[in-house]
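# Structural characterization, general
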Amino acid sequence: MESPTIVSLNHTSAVTESATENNQGQNADQNAALLSATSSVVSSRSWTIEDSEDLYRIKGWGEPYFAINAVGNITVSPQGDRGGSLDLKEVVEGLKLRDFQLPLLIRFSEILEDRLERINACFAKAIARYSYKGVYQGVFPVKCNQQRHIVEDLVRFGQAYQFGLEAGTKPELMIALASLSTPGALIICNGYKDESYIETAMLGQRLGQKPIIVLEQLEEVDVAITTAKRLGIQPNLGIRAKLAAKGSGRWGTSAGDRAKFGLTIPEIITVVEKLKAVDMIESLQLLHFHIGSQVNAISVIKEAMREASQIYVELVSLGAPMGYLDVGGGLGVDYDGSKTSSQGSKNYSVQNYANDVVAYVKDACVAREVPMPTLVSESGRAIASHQSVLIFDVLGTSEATPEDPTPYQDGEHNLIRELWDVYTSVDADNYQEAFTDAIAFKKEAASLFNLNYLRLTERARIERLYWGCCKKIVSLLPQQDYVPEELEHLEKSMASIYYLNLSLFKAALDTWAIGQLFPIMPIHRLNEEPTQRATLADLTCDSDGKVDRFIGPKGAKDVLELHALQEGDSYYLGMFLVGAYQETLGNLHNLFGSINTVHIHLASKAKAQQGYTIEHVVRGNTTDEVLKQVQYDPKDMLEQIRRRSEQALQKGQITIEEARKLMDNYKAGMDRYTYLTEV
Ligand SMILES: *Cc1c(COP(=O)(O)O)cnc(C)c1O
């Protein structure tokens, strides 16, 4: 595995507010100058950052952490409106100066802290509002992001809230036992359990931890009973219920989660009876359910809460002491910024969620005069997503749209004149007709060519004119309420391909695996109109290594608006909300290794500067590390090349200088980042 180099750099960035303001002023002047110079020619008004905000929907998915400043760069406000902000492009360039090459995963520690505080604040507010007689004590599901720095940060940020951890496997339990030090914080033990998992969890109690073993399979009860008797420990046990409440959305139809895990109502009764029979009912403290991840509709949560609250009060009346109700994960993230129950969104806020959890449990308890339990939730996605931003650069583009055609000249083929007329007359009223005509002329040109009536250069002229017409037509489509079917795919077929210095398998697995849409947008030049329509392709030669669906007004769109590349300038894109699940899923693929990761911390306000410090650094894999993971020995490989060079020298196929250069490149390549770097 990667050997993380962890360094702590202290840095106060050159980003100061005054510098930013200067730039803004300058830019506004330039814009004004540009505007007055061109306003007579350009019919549309000039592009503003508000246009970029709408286009990329940044307010929908980004608030309160991500916004666009007056220079047209993305800013990150890790503490929302409570703290300072950083210019993301300046951060990236500062990191590049320190030799952190792209692609780069940047984690903002304060965003993680803010998410944790937010969820706790929402529950506190709901508890006060409904006069709930109990507390909230959340846990973080380790599987959502197992990185040590993140788990350690969460434990630290969560101390004030007695925030704990959830483990779904033995390794995660080991992480939780070693990392959690907050007195009274819970370790919820889920997942398939063998005897050693259960034994380890029970022994954790001896360390002063509070592990709760959640029984998910009937067989686990017997193992838990015998292990507890053998160790002489009174364990904390919970039950995972398989709810009947039918859901909606992605998980609702598959229902795989609920089919696989949890106990049915008859099984729950069996567990209670078994525990009573061995005098261990005192151990039963928690009821758990998990309705799946990214729940899109609040109605689903309400229904689950109604059923689970009822099961809870029933368990109390059956004689279990209980005390905890754990509502699992599922709290959604608004990836497309639409605030709807569409797949990539959710139609409720964290506050709505907390309100419903609190209100339903309270009602059920009051009705049956049962003490209100401590509320536990296992939100992973909602806590971990926002902190991480993946930054990558564009290596080049394939221009699908050729340059604009040159005017018809006297004496050229009649078809060229006719198509030129179509080209010059395309407008919002006739574009459909123009499209039909352009297709007809292009077809005719092809058949004339086959019959030897048209030269190759003339056919090239005609095809260029055809694409020119298409380009004009596509530019008119966004203003149309209704786009005819035959034109729907025109935009995609006209799109440029932007090649990314990235492996999607490595960096954002879900994009590839389950078609999850993450917000992707340029992190600079947002005061400029993005004139290109593009799809994205990564460095790997897999045909799947591409992105051709993006968040959009109707759930998704086929092309992403981007800026034309400028000679000599880097063009940076960001993929946002990738802190949950993405970072740990990717396996070694195409021998692109793990990517450089930095944790950025806002510099303290006392220093009177809006700077940042780099807290942790995890260097991405070098080529020789990646090769070793697939059992190559870089030394042997080098020796192979040396031997071959020697043989080639003997035969006079290579010069000494060339052989030397090859060896040098080969050696240096071993120590380098697996991605394309600027040397
Ligand atoms: C995955 C999982 C979670 C986390 O779900 P989120 O939707 O990320 O909040 C919580 N509990 C269990 C049991 C899980 O399997």
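Everything discussed here concerns the structure shown above.
Presented here is an overview of the structure given in this document. This structure is a prediction, so every number in the text was calculated from the model and none was measured.

## A short note on a nonpolar patch on the surface
- Together, Ile265, Ile269 and Leu318 make up a nonpolar patch on the protein surface, roughly 210 Å² of accessible area in all.
- Tracing the backbone shows Ile269 in helix 12 (residues 265–277).

## Describing the site of the ligand
- In the region of the ligand, 16 residues are neighbours, and Lys143, Ser293, Glu378, Gly380 and Tyr581 sit closest.
- In this structure, Lys143 approaches the ligand through a side-chain N or O atom, which is 2.6 Å from an oxygen atom.
- Between Arg381 and the ligand, the recorded distance is 2.9 Å, taken from a backbone N or O atom to an oxygen atom.
- Considered on its own, the ligand offers 380 Å² of accessible surface; in the complex 92% of this is hidden by protein.
- Classifying every residue of the shell around the ligand by side-chain character gives 2 nonpolar, 9 polar and 5 charged.

## Description of the pattern of salt bridges
- Evaluation of the coordinates by the stated rule reveals 24 salt bridges.
- Between Arg156 and Asp153 there is a salt bridge, with its nearest N and O atoms 2.6 Å apart. Linking Arg156 with Asp153, this pair stays in helix 6 (residues 148–157), spanning 3 residues, or about one helical turn.
- For Arg156, a relative accessible area of 46% translates into the label partly exposed.
- Overall, the relative accessible area of 3% leaves Asp153 in the buried class.
- A salt bridge links Asp664 to Arg660, with the shortest nitrogen-to-oxygen separation between them at 3.3 Å. Of this pair, Asp664 and Arg660 both sit in helix 26 (residues 656–670), separated by 4 residues, roughly a single helical turn.
- On the basis of relative accessible area, Arg660 is assigned to the exposed category, the value being 55%.
- Through salt bridges with shared partners, a single network forms among Arg82, Asp114, Glu117 and Arg118.

The rules behind these values
- Residues numbered from 1 in each chain as written.
- Predicted model: local features only at pLDDT ≥ 70, side-chain atom pairs only at ≥ 80, totals over all residues.
- Heavy atoms only, no water.
- Patch = residues over 30% accessible without salt bridge, like charges linked within 9 Å, V, L, I, M, F, W, Y side chains within 5 Å.
- Areas by Shrake-Rupley, 256 points an atom, 1.4 Å probe, with all protein chains shown as cover.
- Salt bridge = Lys/Arg side-chain N within 4 Å of Asp/Glu carboxyl O.
- Helix = DSSP H or I, 4+ residues; strand = E, 2+ residues; numbered from the N terminus.
- Near = heavy atom within 4 Å.
- Polar contact = N/O pair within 3.5 Å; in protein donor to acceptor, adjacent residues only side chain to side chain.
- Nonpolar A, V, L, I, M, F, W, Y, C, P; charged D, E, K, R; others polar.
- Buried < 20%, exposed > 50% of the residue type's maximum accessible area, 1.4 Å probe, protein only.

These figures come from the coordinates and say nothing about function on their own.
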